[in-house]
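One letter stands for each residue in the lines below.
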Amino acid sequence: LKSRVITVKGPRGTLTKSFTHIGVDMFLEEATEEDPKLLKVELWFGSAKGLSSIRTVLSHVNNMMTGVTKGFRYTMRFVYAHFPINATIPDDGKSLEIRNFLGEKRVR
């Protein structure tokens, strides 16, 4: 944490995010024997919109910590109304071929 720019390091990599556009006070409290380091976010004399930004900052930092430790997995589903979409993964496994998208003949 340095001037509202947070860097999170873990086994899956390093993430850095800037919160300089949000007017809050951020500081790390030192670790004790029972508690690890704590990130404290404060807002003085905040409106409702300002107070909601505190929870947003904490959620972003929490997601960053999850990303560098466990990682995320996204699952997608194809939804169609009339033309059935068909998708295949070629042999290299690095691309996705989408067929019959909106009834088109070409492969996307």
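Up top is the structure.
Residues numbered from 1 in each chain as written. Predicted model: local features only at pLDDT ≥ 70, side-chain atom pairs only at ≥ 80, totals over all residues. Heavy atoms only, no water.

1. Points about the overall build of the protein chain
The secondary structure content of the protein chain amounts to one helix and six strands. Each helix and strand of the protein chain, placed in order from N terminus to C terminus, yields the pattern β-β-β-β-α-β-β. For the protein chain, whose C-alpha radius of gyration is 22 Å, the value lies well above the compact-globule estimate of 13 Å for 108 residues. In terms of its C-alpha atoms, the protein chain occupies a principal-axis envelope of roughly 60 × 35 × 25 Å. Burial statistics for the protein chain: of 108 residues in total, 15% are counted as buried. Expressed as a percentage of contacts within the protein chain between residues at least 6 apart in sequence, the contacts between residues at least 24 apart total 27%. Total accessible area computed for the protein chain in this model is approximately 9000 Å², and 54% of it derives from carbon and sulfur atoms. If you average the places of the 17 positive and of the 11 negative side-chain charges in the protein chain, the two averages end up 10 Å apart. (Helix = DSSP H or I, 4+ residues; strand = E, 2+ residues; numbered from the N terminus. Rg over C-alpha atoms; globule rule 2.2 N^0.38 Å. Buried < 20%, exposed > 50% of the residue type's maximum accessible area, 1.4 Å probe, protein only. Contact = heavy atoms within 4.5 Å. Areas by Shrake-Rupley, 256 points an atom, 1.4 Å probe, with all protein chains shown as cover. Lys, Arg positive; Asp, Glu negative; His and termini not counted. Charge placed at Lys NZ, Arg CZ, Asp CG, Glu CD.)

2. Quick word on the environment of Gly71
Tracing the sequence through the fold places Gly71 in the loop between α1 (48-69) and β5 (86-88). Linking Gly71 and Leu102, residues 31 residues apart in sequence, is a C-alpha distance of 34 Å. Here Gly71 is in contact with Arg12 and Thr66, once residues within four sequence places are set aside.

3. A few points about unusual backbone geometry
Not every positive phi belongs to a glycine, and Arg4 is a case in point at roughly 60 degrees. You can see Arg4 is positioned in the segment before β1 (5-10).

4. Examining the layout of surface pockets
The computed volume of the largest pocket comes to approximately 380 Å³. Within the residue set of the lining of the largest pocket, elements represented by two or more residues are β1, β4 (38-42) and α1. Among the elements that line the lining of the largest pocket, the one with the most residues is α1, at six residues. When its residues are assigned to classes, the lining of the largest pocket shows 10 nonpolar, three polar and two charged. (1 Å grid on protein atoms, 1.4 Å probe; cavity = no way out; pocket = protein on both sides within 12 Å on 5 of 7 lines; lining within 4 Å. Points joined across faces, edges and corners; volume = space filled by probe spheres on them. Nonpolar A, V, L, I, M, F, W, Y, C, P; charged D, E, K, R; others polar.)

5. What to know about α1
Along an α-helix, residues three or four positions apart point the same way, because every turn accommodates 3.6 residues. Between its first and last C-alpha, α1 extends 33 Å over 22 residues, near the 32 Å set by a 1.5 Å rise per residue. When α1 is considered as a whole, its buried residues turn out to be Gly50, Ser53, Ile54, Val57, Val61, Met64, Gly67 and Val68. Buried residues along α1 cover an arc of 160 degrees about the axis, so they all sit on one side. Exposed side of α1, more than 90 degrees from the buried face: Ala48 and Arg55 are the residues found there. Those residues of α1 that are buried are in contact with β1, β2 (13-18), β3 (25-29) and β4. Looking one or two residues beyond α1, the residue adopting positive phi is Gly71, at roughly 90 degrees. (Expected span 1.5 Å × (residues − 1). Arc of directions from axis to C-beta.)

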